[in-house]
Amino acid sequence: MKKAIALLLALLCLGLWGCGEEPVDYASAILGTWYAVEYESEVVEFREDGIVADTFSGNTDYGNYIVDNENARIWVNFGDDVFSMEITEEEGRLIILDNNGTLVREEDRDAYREAYQAKKAAAKAG
């Protein structure tokens, strides 16, 4: 009986630790330029030095960010505006979600915008 309990605990521990899987390094994965799906005039750039540049309609705001790899989140600080963004994966591609919308890479921008516009038109139609 003790051997069965020990084996069960060992299997449970292996399952909880993910069998040695390495955590994703989101800090490296998010670097570069991201495009807002819902707003054609918004571009966000995450820089290696911890600076984030948010350009909306030609105006750029600068802030700082910290990546929480364990929880797949980005904590952003624009002075009076502090918030978090969720890093997730959709069909094998990283996307970033916040309370204002979705950020995608340039190669995914057009497809995501078309899907967003179609969904918006369908909701408006009825």
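### Quick look at the packing of aromatic side chains
Per the stated rule, a full pass over the model turns up 3 aromatic pairs. Taking the centre distance of 5.8 Å and the plane angle of 80 degrees together, the rings of Y39 and F56 count as edge-to-face. Within this pair, whereas Y39 is found in the loop between β1 (32-36) and β2 (42-46), its partner F56 is found in strand β3 (residues 51-56), the two being separated by 17 residues in sequence. Exposure remark for F56: the relative accessible area of 37% places this residue in the partly exposed category. Note on F46 and Y65: the rings are 5.1 Å apart at their centroids and 80 degrees apart in plane angle, and the pair reads as edge-to-face. Taken as a pair, F46 in strand β2 and Y65 in strand β4 (residues 59-68) lie far apart in primary sequence, 19 residues in all. With a relative accessible area of 2%, F46 lands in the buried category. Judged by relative accessible area, which is 10%, Y65 ranks as buried. Residue placement shows R109 over the ring face of Y35; its charged tip is 4.6 Å from the ring centre.

### A look at the confidence of the model for the chain
Per-residue confidence for the chain gives a mean pLDDT of 86, with 83% of residues at or over 70. When pLDDT is averaged over each helix and strand of the chain, the minimum, 41, is found for helix α1 (residues 2-16) and the maximum, 98, for β1. The low-confidence segment residues 1-17 (pLDDT under 50) makes 1 contact with residues lying over four places distant or belonging to another chain.

### Let's talk about the environment of A53
Among the secondary structure elements, A53 is positioned in strand β3. Through-space distance from the C-alpha of A53 to that of N64 is 8.6 Å; in sequence the pair is 11 residues apart. Every residue in contact with A53, bar those within four places of it in the chain, is listed here: V43, V44, E45, R47, T60, D61 and Y62.

### A short note on the sheet that holds strand β8 (residues 101-104)
One closed barrel holds the 8 strands; their spatial order is β1-β2-β3-β4-β5-β6-β7-β8, and the pairing between them is antiparallel. Taking each pair of neighbouring strands and ignoring which way they run, the sheet shows an average axis angle of 30 degrees. Examined bridge by bridge, strand β7 (residues 93-98) and β8 share 3 bridges and lie antiparallel to one another. Bridging from a neighbouring strand, I96 pairs with L103 of β8.

### Quick word on the side chain of S84
Structurally, S84 is set in strand β6 (residues 82-90). Polar contacts involving the side chain of S84 include one to the side chain of R73, which spans 2.9 Å. Not counting the four nearest positions on each side in its chain, S84 is found in contact with R73, I74, W75 and D98.

How each quantity is defined
Residues numbered from 1 in each chain as written. Predicted model: local features only at pLDDT ≥ 70, side-chain atom pairs only at ≥ 80, totals over all residues. Heavy atoms only, no water. Phe/Tyr/Trp six-rings, centres within 6.5 Å; stacked < 30°, edge-to-face > 60°. Helix = DSSP H or I, 4+ residues; strand = E, 2+ residues; numbered from the N terminus. Buried < 20%, exposed > 50% of the residue type's maximum accessible area, 1.4 Å probe, protein only. Lys NZ or Arg CZ within 6 Å of the ring centre and 35° of its normal. pLDDT = per-residue confidence, 0-100. Contact = heavy atoms within 4.5 Å. Pairing = 2+ DSSP bridges. Axes fitted to C-alpha atoms, helices over the stretch in contact; angles between N-to-C directions. Polar contact = N/O pair within 3.5 Å; in protein donor to acceptor, adjacent residues only side chain to side chain.

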